Each structure stands twice: as structure tokens, then as C-alpha cells.
There are 2 protein chains.
Amino acid sequence: MSIEEKKRLQRNDRVTIRTVATHAGVSVAAVSKVMRNAYGVSEALRAKVTDAIEVLGYRPSRAARGLRGRSFTIGVLLIDIRNPFLPEVIAGVNGVLAPSHYQAMIGVSDARVQLETSLIESMIDYKMDGLILVAPRLPSDIIAKFAAQIPIVAVGYHDAGATAFDTVNADDQRGAEIAVEALLACGYRDIEMLSLGEREGHQVSVVRQREIGFRRAIQRGGLGSSAPITKIPIAPPKREETMRKFLSRKNRPRAVFCWSDLDAVTLLSLAMEMGVRVPEDLAVVGYDNSSTAALGLVNLASIDQSGRELGQVATRTLISRIEGRTGAEHIFQMPSLVSRNSLSRSGMAPVT
Amino acid sequence: MSIEEKKRLQRNDRVTIRTVATHAGVSVAAVSKVMRNAYGVSEALRAKVTDAIEVLGYRPSRAARGLRGRSFTIGVLLIDIRNPFLPEVIAGVNGVLAPSHYQAMIGVSDARVQLETSLIESMIDYKMDGLILVAPRLPSDIIAKFAAQIPIVAVGYHDAGATAFDTVNADDQRGAEIAVEALLACGYRDIEMLSLGEREGHQVSVVRQREIGFRRAIQRGGLGSSAPITKIPIAPPKREETMRKFLSRKNRPRAVFCWSDLDAVTLLSLAMEMGVRVPEDLAVVGYDNSSTAALGLVNLASIDQSGRELGQVATRTLISRIEGRTGAEHIFQMPSLVSRNSLSRSGMAPVT
DNA sequence: CGTTATATGGAGAACGTTCTACATTATCCG
DNA sequence: CGGATAATGTAGAACGTTCTCCATATAACG
């Protein structure tokens, strides 16, 4: 009683594993064993220790844990929180983690590859137990190099050939196909895709996958081999300009599939401004089923890839890898169409 | 040359401070001194060490740093990433931190007070150097208790009496006043506020501040002492129901000030659905100037509180406290009106 | 030239865990 | 009852830093 009290005063009152040990009258190692519920702990010992922990309000230092063994933290890396799709992923991750003893720490690398690497390195230096990379910009071999040091699951990164890390994806090719099929079913024949500029998405990004799916669906639909794709730059002034040009084009298509709600919603706004009626003059299908798309004012048909589920699955996959699985897993999730007015006035895709 | 190589092989090839020391032919302490650029380092020594660091690609372990001293990490706590205002704050934080040697780690506590405390504790256990709490739900004395263990800046938390921690806020009272003044200037006399349900916001939350500002402005405008406020519950089914009821009320006001764009945008959607014309039948001013408000389809007038600036200021304040300032600072930022169609057809607030 | 001040580098003890190797008991079995 | 086996608890060495003394070398000064 007096020994640990003396220590607590002397050491600016932080409760350490040692405080607990002396309070419970056992060794430090014993407390550690109980904490990690390791083998070789009697009920009596466990009771004494848990009591002491309770009484003292002991919390193990993550820093010290990280130094020696696991830190029970998993890192999540986002490239851009502005995309309304990401909060869903986080919610999924947190949902799975909540009942466990793991916790998530999020790093945001505002689209700068430089910062992205340095954040991953930081997380490794923290001895985090695993990493979930959401739509990383990094090339596969770099990610593989990191994966040698820490378990990694990539979300929104189509690299089914990766052996060093797992991937969890919505089937973006199929998602694009579904969008085109819905437009075809509504009778539209003149369909174009709005995609992201070359510089922004690498070969394994979701955007390129959607392009592949778009082309295939167009071809299958018997609309010839030319599947026109207009690329939108990401920089604000050029971005709107490109969309305006698209909307005022003489040979503007009858329907458009847009790679993301982010751009689709802006397109709808500009269309209204320019007097292009949706869907009478132009039908639009977006991607992500963001909350904005669901607004009555916007009413944008969109492909739903449940971000929440993606987050959940990614987390489970990561934990299984942390706990010893070797050999990469590549998981796909099926997206679905949410039909709304921008597709057809009734808000219903006609049954074929 | 051979010594450190042997070590690197033997220790699974992590470059530690020791590796650097032997490579540079100096002591471990010397390397540490250079890293922290502490006093008592000659140019020659510094050169040798930085060279070795460069060659070996050494990165200090954050875990070990945290155990002993500073971890050069600051924690950011968010209650809900869904609010489009928060990405801006993050961007501000990251912007200020980028050129420094600090890094931000974000924790998301999905509106559960339980998780909020446990995340703060985790961040303390990580020996983070400081915390930025964004719109925390916790009572002031609890935050003060934490602030005894770690420097804390609260954003969106109106507690100018706090002595243990700093606060950075937009002047939410003034923001509400500006909104009401704009409505008055447009000639509206029958003004109501849509606010957040009692349970969601405590006394020092931004919502309550906006209510105070609303009441004062109404009174100053000579509209009597009754300033009607309708509270919207946060749960999805009740939420829309309450708004619908509001819109179909016989004595529906002529204009409404809404505590957040999040709800204002939904209100606009429902209004359209129910045939209530905006602004002819009902003028609306929101709060946050979110990207959705700016959409042509939505065109919602809104109060802008630069989240980015809030994040920047909060970060600078935190760093100054980390570096030794004592005595609390309470900083205010002035919000401004962004006028759009939901206020008056021209999108301009009439000059008074 | 002796004394004191100053600048520079190093030894080594923390920090709070984990975890291996070992010591001690308890249990079992013929 | 003797010996083997299993169960339980403990010592103590890591982990990779920081940081407080110390030791030494150099400069300054009377």
C-alpha cells in the first residue's frame, strides 16, 4: 500500500504495470500475462490482477507496447476526406473494431504522394499492427515493399496479382456495366462516359476499372467498338469548363455515365444552369450513391458500392492477416444500381 | 562497417539510432543530440551524423520516442466525419503541420461519448504532444482533467472561461445575427430558427451559441421577445418527419434560419417535393457554406466560417502551447454571409 | 603558467511494456 | 513413495529513444 503510493507520487502519478503489480502483490510479468491473456494464468491470479487494474484505473501505455510488441492500433490511410464515400468506409472500420481491443488511427494525405509515403512510414514507426490503405496512389511494388514490414490491406486498388498484400474492392467493372445496362434498358443508344483525367488515376485505380466496364458494356450492347470517354481534369477552373463544353457540344450524347457522384452532381447543376433538361435531354448515372445524390433536389441515379461494407470486410481481412494468415486474399463486392429521376422520370429503370 | 552490418542482419534489418551511431563513428547520444538539434554539437559532428542518416535512410521510431519524450505527433479528434465542414478543418491542420516535423493522427468517435474518452486516453497513452478536439461532446471539467496531462485546444466549443485549455471558435452568435440581419434586410419579418434537438448539443456547443445569436438579432430587429425555435431530432425517421410538419404548418414562417447546411439542404429538398417555393414562399439561410450549398441545383445562402482557417489557427495555438505557453487563449474568428438564391431571387442581399 | 570558464562528446539510466527462460509447486501414475 | 509431467509464477533482458550528468579538450584570462 505504501510502496506503490510512494511510487505514484514520485513518478508524477502515472499508473504503470508496476503499480498494478505491487498493488496486486504479484510480479510485473504476471500482470503482463493477464493483459495479453497469455497461457499459464490461474483464476486466482487473474482475479487479483483485474481487481487491481479496476481499482487503479490502469491503462497500458501504447507507446511502450509499440516499442516492445503490438500496439493494438491499426492505421487507416485516406487520400482525400472530401469524397463523401470515405466516411462510410471509416464507419465500417470503426464498427468492426469497436468490440475488439484494437483502435483505428487515421492519416490523411492530401493527394500528395510524398505525404502518403511518409505517413505509411510513420505508421510503421509507431509499430501499428496493420494498415488499411484506401485508394492509394502508390505503385504496387512500393506497397509490396511496405507490406514486408507490416500487414496491409488496400481498398479501391485493383491489383489481384499482388502477393504481398490483400485487396478489397467493389467490382468496379461490373458497376460500370450495370450503369450502362440500365441506360440501355431505358432505350438510350447514344452513351458517353465522363471519367477522371489521365494524371489522376493509375492503371489499378477504380476509375480505370470503370472505364473498362463501360467499354465492355457498350460493346456487348451492340453499339459498336467506339465507346467515347471524356476526361475531366481535377483542377477547379478547368473542371467546370470541360463540363460546360461537354454540355454545349453539338453532338452531345443522349446519356452519360459519370465516374463519380462528385462530378455528376456538378454536371447536373451546370445542366440546369444551361437549360439542358435531365433526363429529357440528357440522362445521367453517377457512382458512389453519395448522400447528395439522394437529395430530392438532385435526384441522381447512382451505382451503390457500400463503403461501409468495404470498410468492414477490409478490417476483418486485415485482422485475419495480423493473426497469422499468409497468402494474399483479393475480395470483391458486388455493386448495385439505385435508380432515380436522372435516369428516367419515373425514377424506375424499365424492366427488360 | 562490418559491425553495423552484422547488427542489421542479426536484428531483422531495422536501422536504429545505434546503427547510425556506429556508421558515423560517434556515440548514440551524439546522434540523438543532432536529431533534436540540441545544444553542444559541432559542425563536423552534425555533418557526419546527417550523412550517415542520409546513407542509411534512418527514421527514428515514434514508438520509442513516445516512450521517452515527445512523439512529434498531434492527435485530432472528430465526432463525425460526415459533416462536410470537418475536411476543411483537417486541411487547415495538415497545411500548418506539413512544413514542421509534426504529423497529425486523426481519431473518429462516432458520436459516442464513451468512445470519445477512450480515444483521448489512447492518444495520451501514445504520448502524443497535443490534442485538437473538434466539437467535443465532453463537459468542460473532464476536458480540463485531460488537459492536465496533455496540451489541448478545443475547436467549436464555446467555453471562454476555461483556464486549462485553449479554444478556437468562429463567432457563432455573430454568425446567427448576420443571417437574421440578412433576412431582415430582405424585408422578411416572420423568421424562425431550425435548431438541433436538446439532447445533441450541450450548453457550450455551437448550436446553442447560434440560438443565442438568433434570439438577440430577432429582439434587436424589433420583432418582439418571442424568437421561435423548432428543434430537429437527429434520428433519420423523426428528422424528416419534423421538417415535413414544419413545412406544412398553417402558421409557417416566411423565412427560416437553419443551424446547419446539413439540415437546410434536406429542408430545401422537402420543400420542393411539397411544392413550397424557395424563396417566394420560404426564404432559407443555412450555416457552414458546405460544397452542397454551393451547387447550382441547391443554391443555398449560408454563413461561412472558414473551417480551414479554424484548423490553421487551432494548430498554431496548440503548437505554441506545446512549446511552453501557459495561460489559456480563446480565439474568435468572424463568419460571413454567402448570399444565394434561397435568400432572394437575385442571390443578393439588399443593401440597407 | 596556473586557474577558471566554455564548448564538445559520451556513458548510462530511465521510459513501460513484452516475452523467453527458468524456478517452483502441484498432479499424476505405476 | 519416487519420478515424471504439467501448471503456474517470476527474473530480467530486450525494444529504441531521450536526457542528465560527467569527462575531456580548448579557450580565456590574470
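Please refer to the structure higher up on the page.
Residues numbered from 1 in each chain as written. Chains lettered and ligands numbered in written order. Predicted model: local features only at pLDDT ≥ 70, side-chain atom pairs only at ≥ 80, totals over all residues. Heavy atoms only, no water.

A. Geometry of the protein's contact with DNA strand C. Ile17(A), Arg68(A), Ser27(B), Tyr39(B) and Ser42(B) are the nearest of the 30 residues found near DNA strand C. Near-protein atoms of DNA strand C (within 4 Å) split between backbone and bases, with sugar and phosphate holding 61%. One nitrogen or oxygen atom from the side chain of Ser32(A) is found 2.9 Å from a phosphate oxygen belonging to DNA strand C. Of all the elements in the fold, those that place two or more residues in the surface near DNA strand C are helix 2 (17-24), helix 3 (28-35) and helix 5 (62-68) of chain A together with helix 3 (28-35) and helix 5 (62-68) of chain B. With four residues, the top contributor of residues to the surface near DNA strand C is helix 5 of chain A. Of the residues contributing to the surface near DNA strand C, the split by class is 14 nonpolar, seven polar and nine charged. (Near = heavy atom within 4 Å. Polar contact = N/O pair within 3.5 Å; in protein donor to acceptor, adjacent residues only side chain to side chain. Helix = DSSP H or I, 4+ residues; strand = E, 2+ residues; numbered from the N terminus. Nonpolar A, V, L, I, M, F, W, Y, C, P; charged D, E, K, R; others polar.)

B. Representation of the relation of the copies chain A and chain B. Note on the copies: chain A fits chain B at an RMSD of 0.1 Å, the axial shift is 0.1 Å, and the rotation between them is 180 degrees. What the rotation and shift describe, once combined, is the action of a two-fold rotation axis. Of the residues that chain A buries at the interface, 98% are likewise interface residues in chain B, meaning the two copies contact each other through the same surface. (Least-squares fit on C-alpha atoms with pLDDT ≥ 70 in both. Contact = heavy atoms within 4.5 Å.)

C. Here's a closer look at the sheet that holds strand 7 (residues 229-232) of chain B. Residue and element names in this part refer to chain B. The sheet built from six strands is open, its strands ordered 7-6-8-9-10-12 with mixed pairing. Of all the strands in the sheet, the pair left with one neighbour each is strand 7 and strand 12 (336-338). Between one strand axis and the next, the sheet turns by 25 degrees as a mean value, whatever way the strands run. Contacts between helix 11 (residues 236-248) and the sheet are confined to strand 6 (191-196), strand 7 and strand 8 (255-258), with strand 7 contributing the most and set at about 155 degrees to the helix. Most of the contacts of helix 12 (residues 261-274) go to strand 9 (residues 283-287), to which it runs at about 150 degrees, and overall it touches strand 6, strand 7, strand 8, strand 9 and strand 10 (301-304). (Pairing = 2+ DSSP bridges. Axes fitted to C-alpha atoms, helices over the stretch in contact; angles between N-to-C directions.)

D. Representation of the sheet that holds strand 9 (residues 283-287) of chain A in the model. All names here are of chain A. Across the sheet, which stays open at both edges, the six strands sit in the order 7-6-8-9-10-12 with mixed pairing between neighbours. Unpaired on one side and paired on the other, strand 7 (229-232) and strand 12 (336-338) mark the two borders of the sheet. Neighbour-to-neighbour, the strand axes of the sheet open up by a mean angle of 25 degrees, direction not taken into account. Pairing of strand 10 (residues 301-304) with strand 12, which is carried by three bridges, proceeds in the antiparallel orientation. Following the sheet pairing, Ile303 is matched in strand 12 by Leu337. Packed onto the sheet, helix 10 (residues 206-220) meets strand 6 (191-196), strand 7, strand 8 (255-258) and strand 9 and runs at close to 170 degrees relative to strand 6.

Any functional reading would require information beyond the geometric quantities listed.
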